[in-house]
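Structure at a glance
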Amino acid sequence: HHIITSNIEHPAIVQYLKAMEKKNIIDVTYVSVDTDGIVLAADIINAIRPSTILVTLMLANNESGSLQPVKKIAHYCRSKAILFHTDAAQAVGKVNVALDESGIGSDCIDMITIVGHKFGAPKGVACLYIRPSCFREKNCMRGGDDPSQLQYMMLGGGQESGRRGGTENVPYIVGLGAAASMLTSKPRTLSRGNLQWKENASKMVTLRGRLLQNLTKALGKDIVRANGPKDPSKRLPNTLSVGLKNVHSGELLKNIQMSVACSAGSACHSSGGKLSAVLEAMHVPLEYARGTLRLSVGPNTTTEEVDTASNIIIEEVKRQLEKTTGS
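Computed from a prediction, not measured in an experiment: that's the story for all the values here.

Re the overall build of the chain
Looking only at helices and strands, one finds ten helices and ten strands in the chain. Sequence-distant contacts, at least 24 apart, represent 68% of the contacts inside the chain between residues at least 6 apart. As presented, the chain carries roughly 17000 Å² of accessible surface, and 53% of it is formed by carbon and sulfur atoms.

Examining the sheet that holds strand β4 (residues 83-87)
Here we have six strands laid out as an open sheet, ordered β2-β1-β3-β4-β5-β6, and mixed in their pairing. Two strands bound the open sheet, and with one partner strand each, they are β2 (27-31) and β6 (126-130). Taking the axes of each pair of neighbouring strands and ignoring which way they run, one obtains an average angle of 15 degrees across the sheet. Sheet analysis places strand β1 (residues 2-6) next to strand β3 (residues 52-56), joined by three bridges and oriented parallel.

Re the packing of helix α7 (residues 249-256) against helix α10 (residues 303-325)
In the contact formed by α7 and α10, the axes pass within 10 Å of each other and the chain directions differ by 130 degrees. As far as their axial angle goes, α10 and α7 are oblique. Handedness of the α7/α10 crossing: right-handed. In contact with E251, L252, N255 and I256 of α7, α10 contributes I312, I313, E316, V317, R319, Q320 and K323.

Digging into the environment of L128
The topology assignment puts L128 in strand β6. Sequence spacing of L128 and M111 is 17 residues, and the spatial spacing of their C-alpha atoms is 6.7 Å.

Some points on the environment of R319
Positionally, R319 belongs in helix α10. Spatially, the C-alpha atoms of R319 and L252 are 9.6 Å apart, while their sequence positions differ by 67 residues. If we ignore the near neighbours within four places in the chain, the residues touching R319 are E251 and N255. Polar contacts involving the side chain of R319 include one to the side chain of E316, which spans 2.8 Å.

Procedures and definitions
Residues numbered from 1 in each chain as written. Predicted model: local features only at pLDDT ≥ 70, side-chain atom pairs only at ≥ 80, totals over all residues. Heavy atoms only, no water. Helix = DSSP H or I, 4+ residues; strand = E, 2+ residues; numbered from the N terminus. Contact = heavy atoms within 4.5 Å. Areas by Shrake-Rupley, 256 points an atom, 1.4 Å probe, with all protein chains shown as cover. Pairing = 2+ DSSP bridges. Axes fitted to C-alpha atoms, helices over the stretch in contact; angles between N-to-C directions. Parallel < 35°, antiparallel > 145°, perpendicular 65-115°, else oblique. Left-handed = near helix turned anticlockwise from the far one by under 90°. Polar contact = N/O pair within 3.5 Å; in protein donor to acceptor, adjacent residues only side chain to side chain.

This is the structure in C-alpha cells:
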C-alpha cells in the first residue's frame, strides 16, 4: 500500500509512517514543499500511483504557519477513490475549516484531526472526524477486501463503535464541544455579526504584524527574516517564524525563557545541533535558521504584551550580536 504526505508534517504523523515503513507495511512518498513551506497540489497529484490508498496532508504547519492546498488535493483524491486525511490541529479557530466550499471542501475530506488545547479546550483531548461510509465506499470502489474487516486504532472495550477502545473522558469531550461552540458563536458585543473565531483571527493578524514590525524596526531588515508565506491568505494569522541572523536560538531561549513564552524554530540547542526539518525543507539560509524563533499570539494577547516581549527579545539579540562582533 502506498501513502503520500509532505516533508513538513508533524512528528505525530511522520513518526508513525516511518514506523510502518520500517515494518514494510507501507510505502511512503514525502513530497517537498517550496521556500514558503507550501506543497504544490500538482506535485501531490503527480505522486499518486495505482497502489495509493491515502493522502495525508496538514492543513497548517505548526512552525511556519503555512496553509496547504487541502481543498484542491482532496477533491482530486475523491475523484480517484483515494482516502484523504488532513491534520487540522493548528488551524481550528484561526482559519475556516468548515466542511463546505467556504472552508476546506464539501464531501471530499474523509478524515480530519483536531486538537482541543489549540482552540481553548483542555489539554489531553482531541477528535478524529471520519466521513460516514468513507472506508466502505473507497474500499469497494477500489475492489478491496470486506470493509467490515477493517482494523481500528485501539482494540478493547468496543467504545466509539469499536474504533477506539477505552472509557471516554466525558468532561474533556464536553470541554472540546464547548470551546468549538464558543468559536462559532456570534457574540452580542460584536456589531459586525462575525463569528467569534473570525474576530479572534482579525485581532491576531494585527498583533502578529506588530510583533514582526517591532523586531524589524529595532534590529533591521538584514537581521530579521520572516520565514514562510508573505501572502497573509496563505498562512495562519497568529504564527510567526522569525529568523534572526547570526543569533543562536538555544542561547536566546535560555536567557529569556522566564519572561517570554516561545520556542526555537530549530533544535540546535548546542553547537552543531540539528536544524528543524521544516526549516531545512523550506531551504531557510543557515545563518537565519540557527536563530529562528517560533512566536505565537492568541485572542487574549494584548498590545502591551507584544511590545514587552519584543523589547526583551530585541535586547537579548543585541547582546548576542555585540558579543559576537566584540564591540
